[in-house]
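The residues making up each chain are set out below.
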Amino acid sequence: MVPSREALLGPGTTAIRCPKKLQNQNYKGHGLSKGKEREQRASIRFKTTLMNTLMDVLRHRPGWVEVKDEGEWDFYWCDVSWLRENFDHTYMDEHVRISHFRNHYELTRKNYMVKNLKRFRKQLEREAGKLEAAKCDFFPKTFEMPCEYHLFVEEFRKNPGITWIMKPVARSQGKGIFLFRRLKDIVDWRKDTRSSDDQKDDIPVENYVAQRYIENPYLIGGRKFDLRVYVLVMSYIPLRAWLYRDGFARFSNTRFTLNSIDDQYVHLTNVAVQKTSPDYHPKKLHPTVGPLCIHSPENGSLSVTPWPWDAHMGCKWTLQRFRQYLASKHGPEAVETLFRDIDNIFVKSLQSVQKVIISDKHCFELYGYDILIDQDLKPWLLEVNASPSLTASSQEDYELKTCLLEDTLHVVDMEARSLRADSPCW
């Protein structure tokens, strides 16, 4: 994990936390140690419910001890449901850390992300001009449904025949997503969102976003892909973020075509979707061989030798392998420009929520950004995940995520925080 951008924007604010006087039977305290208990405790007590690569990393970290059930903890890699139900009723000592910001959804819910980006773009246009505002033009035209249905219809009729994609705002792993080209394709969906008066109090309407589909994605081996890149945020005020050096490209198993918009294996690159394909065999994944072999001849230039695409090889490339491929096709300057544009996406998206996310000093967050590249090498932000999958689909994937988590814990640096917490006050 290396610093990618560190922005010090706006005035400092006081972190939101529960004052000590509210520490009573309604509040659960964590990280509290006194007297001999403090002297005896040299370990970091951690808790998580995720049984994947994360648990392996935490259990093998020197000096870290797992806490189960209702035991007191210093570090909790929690899920967002726990945060929603318990954060406001939990007192945390100075050194305690948890893995989500209180209102992370301002960035990670698809409708809120677009709302904040649109607002930030207007702000930039007022304060810095259209050229600076244009740096936020990295997300497709998007409408929240059903509340912006009529605005969507106006836009739809301006561009007949193009493809749109519908996404539930709060679901993940490709669930509930579908493509369409005709208004009547979503008539049934719109009817389903209209609850009767008797149902309104019991069944909330699930919101979607209707987004213009990128019809010209960059293809490798005829397959669509997107990039998963990790960004760690330690604070929003001031804004401190770290970009992880590596990530991966996720490929579909099926060759891309716009003639079959109902085929999820063509259009959705989520591993959760692709692994249900009859051609996907994770046990036959090979960590070093991909669809393209990239090598350097004696003159130092890169050449590309095609391999027959074999779905048994899995559907991921490391980000480094992807960069090498692009450099061999388009040259290093084009690759540097592309990744500078991707860096801009990270910075601008975080700035767009800087003033709305509660920057509690107990919180950090590891975001999984999903980026699509089009044929013009323009990057598009698809979504930001608050809980990116930490389950490995291959040995190579396991090693990548293990290193990612170890570096994340180095930046969080619970060891130093615990030492400060255990030091006597003079």
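Above this text sits the structure in question.
The rules we used
- Residues numbered from 1 in each chain as written.
- Predicted model: local features only at pLDDT ≥ 70, side-chain atom pairs only at ≥ 80, totals over all residues.
- Heavy atoms only, no water.
- Pairing = 2+ DSSP bridges.
- Helix = DSSP H or I, 4+ residues; strand = E, 2+ residues; numbered from the N terminus.
- Contact = heavy atoms within 4.5 Å.
- Axes fitted to C-alpha atoms, helices over the stretch in contact; angles between N-to-C directions.
- Phe/Tyr/Trp six-rings, centres within 6.5 Å; stacked < 30°, edge-to-face > 60°.
- Buried < 20%, exposed > 50% of the residue type's maximum accessible area, 1.4 Å probe, protein only.
- Lys NZ or Arg CZ within 6 Å of the ring centre and 35° of its normal.
- Expected span 1.5 Å × (residues − 1).
- Core = buried A, V, L, I, M, F, W, Y, C linked by side-chain atoms within 4.5 Å.

Caption draft 1: View of the sheet that holds strand β4 (residues 64-66). Taken in spatial order, the four strands line up as β4-β3-β5-β7 in an open sheet, and their pairing is parallel. Strands at the two margins of the open sheet, each flanked by one partner only, are β4 and β7 (97-98). Bridge count for strand β5 (residues 75-77) against β7 is two bridges, and the pairing is parallel. When the bridges of β7 are listed, Y76 appears paired with I98. Sitting on the sheet, helix α13 (residues 395-412) touches β4, β5 and β7, and the angle it makes with β5 is about 140°.

Caption draft 2: Structural context of the packing of aromatic side chains. For the structure on display, the rule yields 26 aromatic pairs. On the basis of an interplanar angle of 20° and a centroid distance of 5.8 Å, the ring pair of F75 and F364 is categorised as stacked. Of the two residues, F75 sits in strand β5 while F364 sits in the loop between α12 (332-352) and β18 (365-373), which places them 289 residues apart along the sequence. The two residues F75 and F364 agree in class, both being buried. A centroid spacing of 6.3 Å and a plane angle of 80° characterise the contact between Y218 and F225, whose relative ring orientation is edge-to-face. Neither Y218 nor F225 differs from the other in exposure class; each is buried. Lying across the ring of F143, K118 places its NZ or CZ 5.8 Å from the centre. Over the face of the ring belonging to F248 we find K316, whose NZ or CZ atom lies 4.2 Å from the ring centre.

Caption draft 3: Structural context of helix α5 (residues 110-128). Relative to the 27 Å expected for 19 residues at 1.5 Å per residue, α5 spans 26 Å between its end C-alpha atoms, a close match to the ideal helical length. K110, N111, M113, V114, N116, L117, F120, Q123 and L124 are the residues of α5 that are buried. Once α5 finishes, G129 follows within two positions and takes phi at roughly 100°, a positive value.

Caption draft 4: Broad picture of unusual backbone geometry. Here the residue pair M145 and P146 is connected by a cis peptide bond, since its omega of 5° sits within 30 degrees of zero. Position of P146 among the secondary structure elements: in the loop between β8 (142-145) and α7 (149-158). Even without glycine at this site, L377 takes up a positive phi of about 60°. Looking at the secondary structure, you find L377 in the loop between β18 and β19 (379-385). The class of L377 is buried, set by a relative accessible area of 16%. With a phi angle near 55°, D413 is a residue other than glycine that sits in the positive phi range.

Caption draft 5: The arrangement of the nonpolar core in detail. Core analysis: the largest hydrophobic core is formed by 56 residues, its most contacted members being L227, Y236, F322, L350, Y367, Y369 and I373. Among the elements that make up this core, the one with the highest residue count is α12 (seven residues). Apart from the residues lying within four places of it in its own chain, the contact partners of Y236 are F101, L107, L350, V353, Q354, I357, S359 and Y367. One finds L54, F75, Y230 and Y244 within the second-largest nonpolar core, a separate group that totals 24 residues.

Caption draft 6: Expanded view of the environment of H330. Positionally, H330 belongs in helix α11 (residues 319-330). Setting aside residues no more than four positions away along its own chain, H330 makes contact with Y218 and L377.

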